[in-house]
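Each chain, written out:
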Amino acid sequence: MIKNANIYCIKTDMPLSVGQVLEAFNGQQFLPCAPTQALSAGWAPPRSEGHELIEVFGNHLLLKFVIETKVVPPAILASRVDEMAKAVETETGRKPGRKQRKELKEMAIQELLVHAFPRRSSHWVWLDIGASRLVVDASSIGKADGAVTGLVQAIDGLMVLPLETVNSPANAMTDWLMAGEASPGLTIDRELDLKATDESKAVVRYRHHPLDIEEIRDHIRQSKLPTQLAITYDSRVSMVLTDQGQLKRIELLDVVFESAKPDDDAFAIFDSDVAITTGELSKLIDDLIEALGGLLQRDSGMLG
């Protein structure tokens, strides 16, 4: 279900409750782009249309953030602006200036958006109230930003901060590679990206390759730092850890599902998937934070 985890800490002036979140999301439903609208974002039922906007599993809340965009191809826009500018020149006898051309561009965008095809994407958003944690399933931090902003706008007094640990992921991965093994519960797999810290920004990639070799330690001694490292947690979950603390390409391994009972009911399957995913990832994130030295304490007292 969740394939990429961008992890955040949440804070509110008062303890956050499930009821508070449910109430905050009244009227926050996603609506498709209007004819001349370039962007629309909002929340859709995670299960499917016609179901609740938020699925509640104890202290775990699952939401789905939807973004729809309409893009006018630059070449088509430029061609239309040129047509409009020529029409103005024919009518007035003078070429449009910079200000007027900008106005023509805005008019052209509005005109062409009506005919533009919308593109839609969505992201799972998992709010773990018990752990004061937020996880957004997005392939990059930039793509997760929209969901974070939408959540902050919806819930009064909510603060969302990036997960910060005492030992940075880059430093921890460096230590693991130099030692030839990761922290207890984690195993190093066969994929690694290293990037030079000097002006060259040279990148070295290993795929399907053992990583406990002297060559890699030599790269690190030459000031190349790991930016991505494939690891497995407790022989149950495989993933790629990045230097920004993201978990990418998360995969629950077969052993996780061995005790799960098969069920043909779509409603039950969804519930089971959510329960298994949140259960496994909750333990994974807790232990990963411990492996990175624990949460970084701030003077504001945000984390404990």
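See above for the structure.
None of the values given here were measured: they were computed from a predicted structure.

What counts and how
- Each chain carries its own residue numbering, running from 1 in the direction its sequence is written.
- Since the coordinates come from a predicted model, pLDDT governs what is reported: local features require at least 70, and pairs of side-chain atoms require 80 or more to be given and counted, while whole-chain, interface and lining totals use all residues.
- Side-chain descriptors were evaluated using all non-hydrogen atoms of the structure, hydrogens and water having been removed beforehand.
- To qualify as a helix, a DSSP run of H or I must reach at least 4 residues; to qualify as a strand, a run of E must reach at least 2; elements of each kind are numbered from the N terminus.
- Atoms counted for the radius of gyration: C-alpha only. Globule rule: 2.2 Å times residue count to the power 0.38.
- Working definition: with a 1.4 Å probe on protein chains only, accessible area under 20% of the residue-type maximum means buried, over 50% means exposed, and in between means partly exposed.
- Note that accessible areas follow from Shrake-Rupley with a 1.4 Å probe, and for residues the cover is restricted to the protein chains shown.
- The sign given to each residue is positive for Lys and Arg and negative for Asp and Glu; His and the chain ends receive no count.
- In plain terms, the charge of a residue is placed at NZ if it is Lys, CZ if Arg, CG if Asp and CD if Glu.
- Here, strands pair whenever DSSP counts at least two bridges between them.
- Only heavy atoms enter the contact rule, under which two residues are in contact if any of them lie within 4.5 Å.
- By salt bridge we mean one thing: a side-chain nitrogen of Lys or Arg within 4 Å of a carboxyl oxygen of Asp or Glu.

Asks: Can you walk me through the overall build of the protein in this structure?
Replies: Looking only at helices and strands, the protein features 8 helices and 12 strands. Since a compact globule built from 304 residues should have a radius of gyration of about 19 Å, the 24 Å found for the protein marks it as more spread out than a globular shape. Along the longest, intermediate and shortest principal axes, the C-alpha atoms of the protein span 75 × 50 × 45 Å. In the protein, buried positions account for 42% of the 304 residues. Accessible surface, the protein as shown: approximately 16,800 Å² in total, 51% of it carbon and sulfur. When the 32 positive and 44 negative side-chain charges of the protein are each reduced to one mean point, those points stand 10 Å apart.

Asks: What should I look at first to understand the pairing of strand E6 (residues 133-136) in this one?
Replies: Where burial is concerned, the two faces of E6 agree: the one with Arg133 and Val135 and the one with Leu134 and Val136 are both buried. Pairing geometry for strand E5 (residues 118-128) and E6, over 4 bridges, is antiparallel. Bridged to Trp126 within E6 is Val135. Following E5, the chain reverses through 4 residues before pairing antiparallel with E6; Ser132 in that reversal takes a positive phi of roughly 50 degrees.

Asks: Help me understand the side chain of Thr277 in this model?
Replies: Along the chain, the position of Thr277 falls in helix H8 (residues 266-291). Apart from residues lying up to four places away in sequence, Thr277 is in contact with Met1, Ile2 and Leu252.

Asks: In this structure, what is going on with the pattern of salt bridges? I would like to understand it.
Replies: Two side chains with opposite charge may pair up if their charged atoms get near one another. Scanning all chains against the criterion turns up 15 salt bridges. In this structure, Arg133 engages Asp286 in a salt bridge whose closest nitrogen and oxygen atoms are separated by 3.0 Å. Pair noted here: Arg133 is in strand E6 and Asp286 is in helix H8, with a separation of 153 residues, a long-range link. Under the relative-accessibility criterion, Asp286 is labelled partly exposed at 40%. Of the charged contacts, one joins Arg207 and Asp193 as a salt bridge, the two residues approaching to 2.8 Å between their closest N and O atoms. With Arg207 in strand E9 (residues 203-207) and Asp193 in strand E8 (residues 186-196), this residue pair connects regions lying 14 residues apart in the sequence. The exposure class assigned to Asp193 is buried, which follows from its relative accessible area of 6%.

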